[in-house]
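Below, each chain spelled out in residue letters.
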Amino acid sequence: MKLEHEVVQDLYPLYIENDLTPSVKTAVDGHLKECEACKKFYETGEKTIQLNDMEEPAVSKALDDKIILKMKLIRLRVVSVVLAGILFSMVFTDYINEREQLFMATDGYYDVLGQMDRIIEVVKNKDQINFDSYEMNRFHEYNNELTDHMNFIEKYKLKSTEFHLILNTQRLNAMLEVMKIRFNQGRWSDTDESAYQSLKEYIQIHRQDFREEYEKTHHGYSSFLHIIDVKEIDKFYENVNLLTYSYTRFHKMPDQIEPLKESELKSRIADSLKIEQDEFELEKVSPVNDIYVYRFENKNGYGGEIDAVTGQITEYFGVTGPLTDGPILDQVKAEKKARLYLENIYGKDINFDLVSLGFNFNSSANDSRYKVYSFRAVPRVQGYTLYTPFETETFLNLNARNGELENFHHNPDVPSFEQLDAVTLPASSEKNGDKKAVVIYSALTGNFELVYMEPDLQHFEEGKFISAKTGLEEKIYLDHF
């Protein structure tokens, strides 16, 4: 054991009293034999040489580097702790601010739910013509505020919900508007009353359930740890979205809607497009975008969409082969092929006026070899034309060289043409003054109706369509939600 000068001199009192351990005493004795200064100190008790002036053993460079490295590591740890503290402070402050924004959103959301009954009651108030859109806009605003300020746990749970707390307010407005027209016209039915009461009940139940969230986000410091039950809230959105969909599209209640099974859908696709069932896969589209819609696709990437309620193929995109400079198919042959495709898709009982749109309608390509015959299919029933606005009719494009179906688009404003041939229309003259008799898919009845159409009015203006059966105003169904 080697001792330093200061240590040896500090041990002097213990050495004199013989209180040192044997090993330490041996080390001191060894030091005194080699160090004249310390030996003199032990003999006289006085320092004759300043210890600072004595030459210390040289420290190796390796030891010096280790000390420097250790100091740097200590400094780095200190800096890391300080930065971590700053970062934690920033994250914590941001979290607190976000939660406070969420609390404000729950406050407004809970309040606007209490006002929704007043909006719905306008349906049966003949003295009030229009709906107040203010509360509906507030609902939309606070709904966005809720989802925007959720924490990462709530947003993670939100991804697993079916409707993601998204309400189709345009479809809800359309439902209320249809209800009001039917009530004012004296056409109120059991379906209307059931839908009306269901909507009120969904909102009341949701407000009662949401009250717990409201209270827990207004409960002092514990509110900052509360997690919103987004899955429970999403049930309200599911109920209302399904109700507005079934009512506006079919004038039915949700429990009256029976989607086809996937096996039935695959069978329809195979029969209509003449492809094998094992050549394509079905995938359900998110109901936020399209309720009861499936996407089908084969391994080569072509396919389309089919409505599971009506069994109607609504979109199709095919691959007709490589571009060539081959001869163009005769127009008459192209029309025959187009009618054959329509018969496969809709059945042979549906009558269509096939309108030629020339080449490459709604299609374009940089290659001059790209040529498709474009057709618009306009259904006719009992001599009357099915009218739809905005040129949203059914159309299809055929490869002009081989006649294969390149793409097909079903009219989005008519769920299906399947019942068109079975509809019973009242006897009517072709015209009523300057009004033309046409068939529309009615938003008021969820069925095909014969109406007199005012030619110089836009489709959405009042008085555009008058029922040939009742003489009352009709309203065309629009799927532009």
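Everything numeric in this text was worked out from a predicted model, so none of it was measured. Residue indices begin from 1 for each chain and proceed along its sequence in written order. Under the rules for a predicted model, residues below a pLDDT of 70 receive no local features and side-chain atom pairs below 80 are neither given nor counted, while totals for whole chains, interfaces and linings still include all residues. To get the side-chain values, all heavy atoms of the structure are used, and hydrogens and water are removed first.

## Quick notes on the nonpolar core
For our purposes a nonpolar core is just a set of buried Ala, Val, Leu, Ile, Met, Phe, Trp, Tyr and Cys residues, chained together by side-chain atoms within 4.5 Å. Exposure is judged per residue with a 1.4 Å probe applied to protein chains only, and the accessible area is read against the type maximum: over 50% gives exposed, under 20% gives buried, and values in between give partly exposed. Residues Y237, I269, F296 and F408 are the most contacted members of the largest nonpolar core, which totals 92 residues. Each helix corresponds to a stretch of at least 4 residues labelled H or I by DSSP, and each strand to a stretch of at least 2 residues labelled E; elements are numbered beginning at the N terminus. In terms of residues, this core owes the most to one element, helix α10 (residues 230–250), which gives 10 residues. Residues L11, L20, V24 and L32 belong to the second largest nonpolar core, which totals 13 residues.

## Some points on the side chain of S223
Structurally, S223 is set in the loop between α9 (190–216) and α10. Polar contacts involving the side chain of S223 include one to the main-chain amide nitrogen of H218, which spans 3.5 Å. Leaving out residues up to four positions away in the same chain, S223 has contacts with F103, K216, T217 and H218. Polar contacts here mean pairs of N or O atoms no more than 3.5 Å apart (in protein, one a potential hydrogen donor and the other a potential acceptor; neighbouring residues in sequence count only if both atoms are side-chain atoms). The contact criterion used is simple: two residues touch if any of their non-hydrogen atoms lie within 4.5 Å.

## Some points on the packing of helix α3 (residues 22–34) against helix α4 (residues 36–44)
Between α3 and α4, the least distance of the axes is 6 Å, while the angle of their chain directions is 110°. Judged by the angle between their axes, α3 and α4 are roughly perpendicular. Regarding α3 and α4, the two cross each other, and that crossing is left-handed. Of the residues in α4, those touching α3 at V28, H31, L32 and E34 are E36, C38, K39 and Y42. Its residues placed into classes, the contact of α3 with α4 shows four nonpolar, one polar and three charged. What counts as an axis is a line fitted to C-alpha atoms, over the stretch in contact for a helix, and the angles between N-to-C directions run from 0 to 180 degrees. Small angles under 35 degrees read as roughly parallel and large ones over 145 as roughly antiparallel, with 65 to 115 read as roughly perpendicular and the rest as oblique. In this scheme, a crossing is called left-handed if the near helix is turned counterclockwise away from the far one by less than a right angle; it is called right-handed if the turn is clockwise. Ten residues, namely Ala, Val, Leu, Ile, Met, Phe, Trp, Tyr, Cys and Pro, are considered nonpolar, four, namely Asp, Glu, Lys and Arg, are considered charged, and the remaining ones, Gly among them, are considered polar.

## Examining the environment of D367
Of note, D367 is situated in the loop between β5 (351–359) and β6 (372–381). Residues D367 and L323, spaced 44 residues apart in sequence, show a C-alpha to C-alpha distance of 8.5 Å. Reaching out from D367, the side chain makes a polar contact with the side chain of R369 at a distance of 2.8 Å.

## Overview of a nonpolar patch on the surface
A cluster of nonpolar residues, M71, I74, V78, V79, V82, L83, I86 and M90, forms a patch on the protein surface that exposes about 730 Å² of accessible area. Considering the arrangement of structural elements, one finds I86 in helix α5 (residues 61–120). Relative accessible area serves as the criterion here: at 44%, I86 is assigned to the partly exposed category. Here the term patch refers to residues with relative accessible area over 30% and no salt bridge, with like charges joined within 9 Å and nonpolar side chains (Val, Leu, Ile, Met, Phe, Trp, Tyr) within 5 Å. Note on areas: Shrake-Rupley with a 1.4 Å probe; residue coverage comes only from the protein chains shown. Just to be clear on terms, a salt bridge is a Lys or Arg side-chain nitrogen sitting within 4 Å of an Asp or Glu carboxyl oxygen.

## Side note on α9
Here the expected span of a helix is defined as 1.5 Å times the quantity of residues minus one. Taking 1.5 Å as the rise per residue, α9 with 27 residues should run 39 Å; its terminal C-alpha atoms sit 40 Å apart, in good agreement. Note on bend: the value at a residue is the angle between axes fitted to the seven residues ending there and to the seven starting there. Its maximal kink placed at F210, α9 deviates by approximately 30°.

## Focus on the side chain of T445
Position of T445 relative to the elements: it lies in the loop between β11 (435–441) and β12 (448–453). A polar side-chain atom of T445 sits 3.3 Å from the main-chain amide nitrogen of N447. Once residues lying within four places of it in the same chain are set aside, the contact partners of T445 are R182, R187, F250, H251 and E474.

## Description of the packing of aromatic side chains
Note on ring pairs: Phe, Tyr and Trp rings are taken, using the six-membered ring of Trp, and paired if centres are within 6.5 Å. Classes follow the plane angle, with under 30 degrees stacked, over 60 edge-to-face and the rest tilted. On inspection of all chains with the given rule, the structure shows 22 aromatic pairs. Between Y346 and F408 the ring centres are 6.0 Å apart and the planes differ by 65°, which places this aromatic pair in the edge-to-face class. Placement of the pair is Y346 in helix α12 (residues 331–346) and F408 in strand β9 (residues 405–409), with a sequence separation of 62 residues. Ring pairing ties together the aromatic residues Y109, F139, F210, F236 and Y237, which thus form one cluster. One residue, R207, lies across the ring of Y110, its end atom 4.0 Å from the ring centre. Above the ring of F359, the side-chain terminus of K371 is found at 5.2 Å from the ring centroid. Two conditions define a charge sitting above a ring: the NZ of Lys or the CZ of Arg must be within 6 Å of the ring centre, and it must be within 35 degrees of the ring normal.

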